[in-house]
Amino acid sequence: MSGKIWETRNLHRLLLWILVTVIAILFLLPVVWMILSSITPNEDVIKYPPKWIPERPTLMNYIDVFTTTETTTVGRALVNSTIVTIPSVILTLLVSSFAAYPLARMRFKGKKFLLLLILMGMMIPLQVSFISLFLIFNSLNWLNSYQALILPAVISPFGVFLLRQFFLSIPGELEDSARIDGCSRMRILFSIILPLSVPALSSLAIFVFLGTWNSFLWPLIVMSDPNMMTIPVILSYYLYTLSGLREWGSIMAVAVVASLPTILVFISFQRYFVQGVATSGLKY
Amino acid sequence: MTKITKRPGLLRKRMTPYLYLLPFLAFYFILQLYPLIQNFYVSLTEWDMMNPQKPFVGLSNYKTLFFKDYLFWGSVGATLHYIFLNVPLKIIIGLALAILLNLNLKGKIFHRIAIFIPFVLNTAVVGLLFRWILDPQFGMFNYYLEKVGLAPQKWLLEPKWTMEIVVLVTIWWSIAFNTIVYLAGLQGIPEELYDAGKIDGCNAWQRFLHITLPSLKNTTMFVVIMQVIGSFQAFGNIYMLTGGGPLNSTRVMMLHLYQVGFYYFKMGQAAAISVIIFIIVLILTIIMLRLFREETA
């Protein structure tokens, strides 16, 4: 009898396993198709019926992307995206750690109010103030500048909140003994709190990295000079070529190049990524 | 004597927390709160980029939107259409995927990576990729439709089904968020509850209805509000897939705002649209916080 129950249980699990695996493969197929199209010559990619495996696989599309005069902007855009993303990540980590520390560890007037303000900031999307933000950067003559993308990226109420929650979980005794030994607050933050907070800092770093690298609407608004555009903005310009040329092979090569950094970061730090998203949802 | 020497130290000590908070608060006030308030002011002026004068016009921008701009009401309709398709589907599918991923089946790392990967692609990539897959002439999708005996369609070029397609692509791209939040919620449910249910003779479906769903109430509320707020801000996915077309059927509020502001440079009117979006989002946020307080009180 118990053997039969065990069998039906296993059968259930097998069926569920097949279901999940099919779903996972379906989710992956568009990405696979993007990669396969990118190594198919432009003439072959629009042959009907479409073929998954290219008959004449080539890296020509990738070479073209970086060498044709029309597309040298892609290389430039990758550089721009990097120049914007790295300082955004570092600055956000610093600014958020500094803000989270007193909110977790010190007593002072107005703390409750500030926490509420930060929670509010998590709810109010930056997007609703893009018009006046644009006018401000315009009046500073900062359109088409890197700081136009970096500075707004540094405001991360979510980051402050995430780090504060994590700092709260670090036992206070460590800090007390360090203070008795005469360590300054700054030294405690840098030599005790932050080294213990690597998981939370990693989650936040991945978030800011993905958010800045993939940011679309704001860069589309402030970067009108092709030399300053980030990779998603350059990609949006391919829309205008779609009606005429159908160089899907080349376009997919640019798409792969644009996605590679985020996919690599995601796969290598999958755990921190999942933890970060989970915290954003759990702590309300 | 001691009092005098102590004071500066005390002041410094009192100031310390604020000094740590200063950089963040400076960014927060200058780049988030101040623009938010200035936005209200801009919405009350005729802020034409060409005209150096910015005359104060009261509520005239709002009047224009409400009574003269049929595209604005169209964008409200498109946004609601998007929300009513997007939010329920993403909740149901997000929860279903979370339950499946929580079963600890073989190869779960592969399953997770495959389902979460689309989430890290940027909207421009997602838009171009699906324009290619759905290409009426050469696309993979029509090819397989024909193979199973269905008529190929001019996807994204005819108003019919376009919003549905946009939402399906959006689900593929962003379902990871809901799935991860639900996964965390599921892992927070104590195992003993399920054991007790089994002892009481509940089958899997009953356990889902009476244990899983009630335990996920808070999570679901959070996800619903995040999705609704997020849907009001939808821009990149729609801009890249349809540009608001065909025949304005997918022209949501953010797309309308973008065109009014950055094609026609009517900043006052665009600011008015963002104020309207802000007020809607604010009301939803307040409702959520209220519900949450009742829930935990």
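Residues numbered from 1 in each chain as written. Chains lettered and ligands numbered in written order. Predicted model: local features only at pLDDT ≥ 70, side-chain atom pairs only at ≥ 80, totals over all residues. Heavy atoms only, no water.

Undergrad: Help me understand the overall build of chain A, please; the structure alone is not making it clear to me.
TA: A count of helical and extended segments in chain A gives 15 helices and 0 strands. Relative to its length of 284 residues, chain A is extended, with a C-alpha radius of gyration of 24 Å against a globular reference of 19 Å. Across chain A, every contact between residues at least 6 apart in sequence was considered, and the portion connecting residues at least 24 apart equals 72%. Just so you have it, chain A exposes about 13200 Å², and 68% of that area is on carbon and sulfur atoms. Measuring between centres, the 19 positive side-chain charges of chain A sit 16 Å from its 12 negative side-chain charges. (Helix = DSSP H or I, 4+ residues; strand = E, 2+ residues; numbered from the N terminus. Rg over C-alpha atoms; globule rule 2.2 N^0.38 Å. Contact = heavy atoms within 4.5 Å. Areas by Shrake-Rupley, 256 points an atom, 1.4 Å probe, with all protein chains shown as cover. Lys, Arg positive; Asp, Glu negative; His and termini not counted. Charge placed at Lys NZ, Arg CZ, Asp CG, Glu CD.)

Undergrad: Which parts of the structure should I look at to understand the overall build of chain B?
TA: Scanning chain B from N- to C-terminus turns up 13 helices and 0 strands. Going from the N terminus to the C terminus, chain B shows its helices and strands as α-α-α-α-α-α-α-α-α-α-α-α-α. Relative to the 2.2 N^0.38 estimate, which gives 19 Å for 297 residues, the radius of gyration of chain B is 25 Å and therefore markedly larger than a compact globule would have. In terms of its C-alpha atoms, chain B occupies a principal-axis envelope of roughly 80 × 60 × 30 Å. Here chain B holds 297 residues, and 52% of them are scored as buried. Considering only contacts in chain B between residues 6 or more positions apart, those separated by 24 or more positions represent 67%. Split by element, the accessible area of chain B, about 14800 Å² in all, is 68% carbon and sulfur. Put simply, chain B has 24 plus and 13 minus side-chain charges, and the middle of one group is 14 Å from the middle of the other. (Buried < 20%, exposed > 50% of the residue type's maximum accessible area, 1.4 Å probe, protein only.)

Undergrad: Would you explain the domain arrangement of chain A in this entry?
TA: Interfaces are often sized by the amount of accessible area the parts lose when they come together. All names here are of chain A. When cut into domains, chain A gives domain 1 (2–60) and domain 2 (63–282). The C-alpha-based centres of domain 1 and domain 2 are spaced at 32 Å. Each partner contributes to the interface: domain 1 provides 10 residues, whereas domain 2 provides 12 residues. Summed over both sides, the interface between domain 1 and domain 2 buries roughly 910 Å², with carbon and sulfur atoms accounting for 67% of that surface. The largest per-residue losses of area from domain 1 upon contact with domain 2 belong to Met 34, Asn 42 and Met 60, which jointly make up 55% of the total buried on that side. Summed over the shared surface of domain 1 and domain 2, the number is 0 salt bridges. Linking domain 1 to domain 2 there are 5 residue pairs in polar contact (both at pLDDT 80 or more). At the level of elements, helix 1 (2–38) and helix 2 (42–45) are the ones that each hand at least two residues to the side of domain 1 that touches domain 2. Residue contributions to the side of domain 1 that touches domain 2 peak at 4 residues, all from helix 1. Taken together, the residues of the side of domain 1 that touches domain 2 break down into 6 nonpolar, 4 polar and no charged. (Domains from an automatic or database assignment. Buried area = accessible area lost by both parts, 1.4 Å probe. Salt bridge = Lys/Arg side-chain N within 4 Å of Asp/Glu carboxyl O. Polar contact = N/O pair within 3.5 Å; in protein donor to acceptor, adjacent residues only side chain to side chain. Nonpolar A, V, L, I, M, F, W, Y, C, P; charged D, E, K, R; others polar.)

Undergrad: What exactly am I supposed to notice about the pattern of salt bridges here?
TA: Pairing between side chains of opposite charge can happen when their charged atoms approach one another. All names here are of chain A. One pass over the structure, following the stated rule, counts 6 salt bridges over all chains. The partner of Asp 44 in a salt bridge is Lys 47, and the shortest N-O contact between them spans 3.4 Å. A residue is classified by how much of its surface remains accessible, and Asp 44, at 12% relative accessible area, is buried. It is possible to trace a salt-bridge network through shared partners that takes in Glu 43, Asp 44, Lys 47 and Arg 56.

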